[in-house]
Amino acid sequence: MNIAVILAGGTGSRTGCEIPKQYLEAWGRPMIAFCMETFFTHEDVDAVQIVAEGTWKELILRQITHLEEKAVREQAAGGKAVGEKTAGEKAAGGKAVGGNPAGEQAAGEKAVGGNPAGKRTVAGRFRGFSMPGANRQMSILNALSNIREYAAEGDTVMIHDAARPFVTSAQISACLRAMEGHDGVIPVLPMKDTVYMGDGKRICSLLERERIYAGQAPELFLFGKYYAANMALLPERILSVNGSTEPAVLAGMDIVMVEGDENNFKVTTAGDVKRFRERCEGNEDFLSLQKAQTKKI
């Protein structure tokens with residue numbers, strides 16, 4: 001089973017916005033809705049766990065209901081075409097992979113919209129909320145602890161930030177393919193600029209740019225090994241972890257890299273928020289899709 005964890009518990013303080021960045025809107029949709037659509041409709045994603053504060057749960061549930069209603073409309077119209085782009089992919093210019101065939105996933109509680117979780121409908125993939133932790137990695141551990149109730153040791157867990165709205169189906173598929181024979185996968189981008197080591201005031205040493213990479217998401221791991229790697233960092237060391245892959249590396253897990261996507265940027269600053277909105281509002285395919293969806297919802 002492939003399980004996506006969407007992290008939406010952060011405060012987004014660096015953007016200077018009044019609400020967490022992952023809930024900022026573009027054309028009537030909160031930012032989190034973009035990556036939700038990509039994960040919930042991907043043919044190889046069996047379950048989705050979302051980390052979020054209670055304040056935002058109703059908004060998230062509404063997005064799941066909208067996705068389910070959209071899937072029902074598409075099915076009634078003859079089904080989603082293979083390769084059709086999600087809203088986020090239209091905004092980013094990304095390519096989608098696969099349709100949404102009906103399938104089975106582990107049985108569980110009843111999902112949004114009255115669909116039993118045993119059927120892999122869009123809403124049926126939602127397995128519940130997890131509480132945010134003291135830092136990002138504790139939020140991940142909270143989600144992993146909840147996932148233990150329905151996942152097996154050899155299942156794959158995918159960690160993704162709600163603040164990366166333009167992840168594509170193609171990126172998810174590439175990461176899943178690369179998992180074969182490994183403990184984990186991370187999409188990366190090569191460094192374009194010359195990179196130096198400094199002390200804040202002076203350059204101390206040079207770094208080999210060819211060996212330095214910027215990590216992206218989703219980051220994929222074998223569930224059992226990754227859960228154990230995080231537990232081993234309790235109670236203090238986990239609080240200083242910056243990236244999802246760090247516990248896996250510290251535990252000696254075999255993590256491979258795949259090519260990332262420049263469009264799959266993380267919204268962190270006010271400038272990133274502007275870039276997110278400009279991508280949505282400046283893409284004609286995206287605008288026409290959003291207007292059509294607004295009329296139907």
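Turning our attention to the pairing of strand 7 (residues 184-190). Taken across its 7 residues, strand 7 has 6 buried, putting it largely inside the fold. One ladder, built from 2 bridges, connects strand 7 with strand 11 (residues 219-222); its direction is antiparallel. Bridging from a neighbouring strand, G184 pairs with F221 of strand 11. Sheet topology places strand 7 next to strand 12 (residues 255-259); 5 bridges connect them, and they run parallel. Following the sheet pairing, I186 is matched in strand 12 by M257.

This part takes up the packing of helix 4 (residues 136-147) against helix 6 (residues 223-231). In contact at an axis separation of 10 Å, helix 4 and helix 6 are set at 135° when each is read in the N-to-C sense. Considering the angle they form, helix 4 stands oblique to helix 6. For the pair helix 4 and helix 6, the crossing hand works out as left-handed. Note on element contacts: helix 6 touches helix 4 through F223, Y226, Y227, N230 and M231, opposite Q137, I140, L141, L144, S145 and I147. The residue inventory of the contact of helix 4 with helix 6, partitioned by class, reads 8 nonpolar, 3 polar and no charged.

Here we take up a nonpolar patch on the surface. Taken together, the side chains of Y196, I203 and L206 present a nonpolar region at the surface, about 360 Å² in accessible area. Relative to the elements of secondary structure, L206 occurs in strand 9 (residues 203-206).

This paragraph deals with the pattern of salt bridges. Summed over all chains, the structure comprises 9 salt bridges. Salt-bridge contacts for R136 lead to D161; the nearest nitrogen and oxygen are separated by 3.0 Å. Taken as a pair, R136 in helix 4 and D161 in strand 6 (residues 156-161) lie far apart in primary sequence, 25 residues in all. Accessibility expressed as a relative area gives 23% for R136, which makes it partly exposed. Taking the relative accessible area as the measure of exposure, D161 reaches 7% and is therefore buried. The salt bridge partner of R164 is D161, with a shortest N-O separation of 3.9 Å. Pair check on accessibility: R164 and D161 agree, each one buried. Where salt bridges share partners, they join R136, D161, R164 and K266 into one cluster.

This brings us to helix 1 (residues 32-40). With 9 of its 9 residues buried, helix 1 lies for the most part within the structure. All of the buried residues along helix 1 are I32, A33, F34, C35, M36, E37, T38, F39 and F40.

Bringing the side chain of D46 into the picture now. On the secondary structure map, D46 appears in the loop between helix 1 and strand 4 (47-51). Judged by its relative accessible area of 13%, D46 is buried. Here N2 takes part through its backbone nitrogen, which lies 2.9 Å from a polar atom of the side chain of D46.

What follows deals with the packing of helix 1 against helix 2 (residues 57-76). Relative to each other, helix 1 and helix 2 sit at 45°, their axes nearing to 10 Å. Viewed along their axes, helix 1 and helix 2 adopt a mutual orientation that is oblique. The handedness of the crossing between helix 1 and helix 2 is right-handed. Contact residues: helix 1 offers I32, A33, M36, E37 and F40, while helix 2 offers L59, I60, Q63, I64, L67 and K70. For the contact of helix 1 with helix 2, the per-class residue count stands at 8 nonpolar, 1 polar and 2 charged.

Here we come to the packing of aromatic side chains. Overall, the coordinates contain 8 aromatic pairs when judged by the stated rule. The interplanar angle of 5° and the centroid separation of 3.9 Å between the aromatic rings of F221 and Y226 together place this pair among those described as stacked. There is no split in this pair, since F221 and Y226 are both buried. Across from the ring centre of F34, 5.1 Å away, lies the NZ or CZ of R29, which sits over that ring.

Moving on: the nonpolar core. Membership of the largest hydrophobic core comes to 33 residues, with the highest contact counts inside it found for I6, I32, M36, F39, F40, I50 and I60. Elements with a contribution of two residues or more to this core: strand 1 (2-7), helix 1, strand 4, helix 2, helix 5 (169-178) and strand 12. Tallying contributions element by element places helix 1 first for this core, with 5 residues. In this structure, I6 is in contact with I32, C35, M36, F39, V48, Q49, I50, V51, H160 and A162, ignoring residues within four places of it in sequence. Within the second largest apolar cluster, 25 residues are counted, among which are I140, F223, I238 and A248.

Criteria and thresholds
Residues numbered from 1 in each chain as written. Predicted model: local features only at pLDDT ≥ 70, side-chain atom pairs only at ≥ 80, totals over all residues. Heavy atoms only, no water. Buried < 20%, exposed > 50% of the residue type's maximum accessible area, 1.4 Å probe, protein only. Helix = DSSP H or I, 4+ residues; strand = E, 2+ residues; numbered from the N terminus. Pairing = 2+ DSSP bridges. Axes fitted to C-alpha atoms, helices over the stretch in contact; angles between N-to-C directions. Parallel < 35°, antiparallel > 145°, perpendicular 65-115°, else oblique. Left-handed = near helix turned anticlockwise from the far one by under 90°. Contact = heavy atoms within 4.5 Å. Nonpolar A, V, L, I, M, F, W, Y, C, P; charged D, E, K, R; others polar. Patch = residues over 30% accessible without salt bridge, like charges linked within 9 Å, V, L, I, M, F, W, Y side chains within 5 Å. Areas by Shrake-Rupley, 256 points an atom, 1.4 Å probe, with all protein chains shown as cover. Salt bridge = Lys/Arg side-chain N within 4 Å of Asp/Glu carboxyl O. Polar contact = N/O pair within 3.5 Å; in protein donor to acceptor, adjacent residues only side chain to side chain. Phe/Tyr/Trp six-rings, centres within 6.5 Å; stacked < 30°, edge-to-face > 60°. Lys NZ or Arg CZ within 6 Å of the ring centre and 35° of its normal. Core = buried A, V, L, I, M, F, W, Y, C linked by side-chain atoms within 4.5 Å.

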